[in-house]
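If you want the building blocks of each chain, they are given just below.
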Amino acid sequence: MVFFGRSGAEACRFFNLNLVDWQGARLLDCPGGPGSFAALARRAGLDVLAIDPLYELPPEELERRCREDIHFTMERLRQSPTVRADFELGPYQQAKLDALELFLSDRQAHPETYQAGALPELALEDNSFDLVLSGHLLFAYAPLADGGLHEFDCFDLAWHRRALAELLRVCRREVRIYPAHSITVPARVHPYVDPLIAALPPGWEASLESTTYDQGAVGETPMLRLCRVAEP
Ligand SMILES: C[S@@+](CC[C@H](N)C(=O)[O-])C[C@H]1O[C@@H](n2cnc3c(N)ncnc32)[C@H](O)[C@@H]1O
């Protein structure tokens, strides 16, 4: 899996998120990756915690891995049939490099808000976040045979059930997950979405929303939104 992070502005688009609506809220971003969303959200007045397994590494190592992974990902995208011919990869790449710079400086300034951890088990209290966001891990890294990017089965449906249960456990209001689609041509609602929604615990409602985020995909590229409709 690549250590590749979107900018805060990109994350707001794919999570359909207006930060003004969540001022003062406690927010979890898992995985945070080398993205600048946590920095942007903190500056907008949210109380943010970003979690990623690679945050245990020193900053120099994170920067080295991220620069390599941006290079690798751009090479892959240039040849990928999942990216439209008219999609401009230059600005897309620059946003990742800018996100990395902001991530590194924000993590240095606020180290306590970047914690090492991994789904499907987070060392966090029940119902401790108003909003829980998860970008480009669930669905995207399902096995290749199930419409994801991973050549092995580590993030199969059973793993997704456990990861989603964990995201819901720590959340008191809303969970948003992007993408909720397969990495195929055309993109479709991911085959794990229905079984996960069917098994939601009582008190949660799910919806699929379209977003304005464009990664060059053709087809359906929804975000999955899960709202608590009953007090935890
Ligand atoms: C493609 S990046 C996505 C980063 C960011 N959320 C975004 O949308 O740009 C995927 C991230 O998932 C992290 N990761 C890998 N396994 C994980 C796990 N079991 N739980 C949480 N994060 C994981 C990786 O370290 C990597 O930073």
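Because the structure is a prediction, the values reported are computed rather than measured.

Caption draft 1: Expanded view of the packing of helix 3 (residues 59-79) against helix 4 (residues 89-109). Where helix 3 meets helix 4, the closest approach of the two axes is 11 Å, and the angle between their N-to-C directions is 170°. Taken together, the axes of helix 3 and helix 4 lie roughly antiparallel to each other. Taken as a pair, helix 3 and helix 4 cross one another with a handedness that is right-handed. Contact residues: helix 3 offers P59, L62, E63, C66, R67, I70, M74, L77 and R78, while helix 4 offers L89, Y92, Q93, K96, L97, L100, E101, F103, L104 and R107.

Caption draft 2: Spotlight on helix 5 (residues 157-169). With 13 residues, helix 5 should reach 18 Å at 1.5 Å per residue; the first-to-last C-alpha distance of 18 Å fits that figure. For helix 5, the full list of buried residues reads W159, H160, A163, L164, E166, L167 and L168. On its buried side, helix 5 packs onto strand 4 (129-135), strand 5 (171-178), helix 6 (193-198), strand 6 (204-209) and strand 7 (223-228). For helix 5, the N-terminal capping position is held by D156, with its side-chain oxygen 3.3 Å away from the main-chain nitrogen of A158.

Caption draft 3: Highlighting the site of the ligand. Among the 21 residues in the neighbourhood of the ligand, the closest are listed as R6, P31, D52, L119 and H136. The separation between a nitrogen atom of the ligand and a polar main-chain atom of L119 is 2.9 Å. Relative to its unbound accessible area of 600 Å², the ligand is 92% covered by the protein chains.

Analysis parameters
- Residues numbered from 1 in each chain as written.
- Predicted model: local features only at pLDDT ≥ 70, side-chain atom pairs only at ≥ 80, totals over all residues.
- Heavy atoms only, no water.
- Axes fitted to C-alpha atoms, helices over the stretch in contact; angles between N-to-C directions.
- Helix = DSSP H or I, 4+ residues; strand = E, 2+ residues; numbered from the N terminus.
- Parallel < 35°, antiparallel > 145°, perpendicular 65-115°, else oblique.
- Left-handed = near helix turned anticlockwise from the far one by under 90°.
- Contact = heavy atoms within 4.5 Å.
- Expected span 1.5 Å × (residues − 1).
- Buried < 20%, exposed > 50% of the residue type's maximum accessible area, 1.4 Å probe, protein only.
- Polar contact = N/O pair within 3.5 Å; in protein donor to acceptor, adjacent residues only side chain to side chain.
- Near = heavy atom within 4 Å.
- Areas by Shrake-Rupley, 256 points an atom, 1.4 Å probe, with all protein chains shown as cover.

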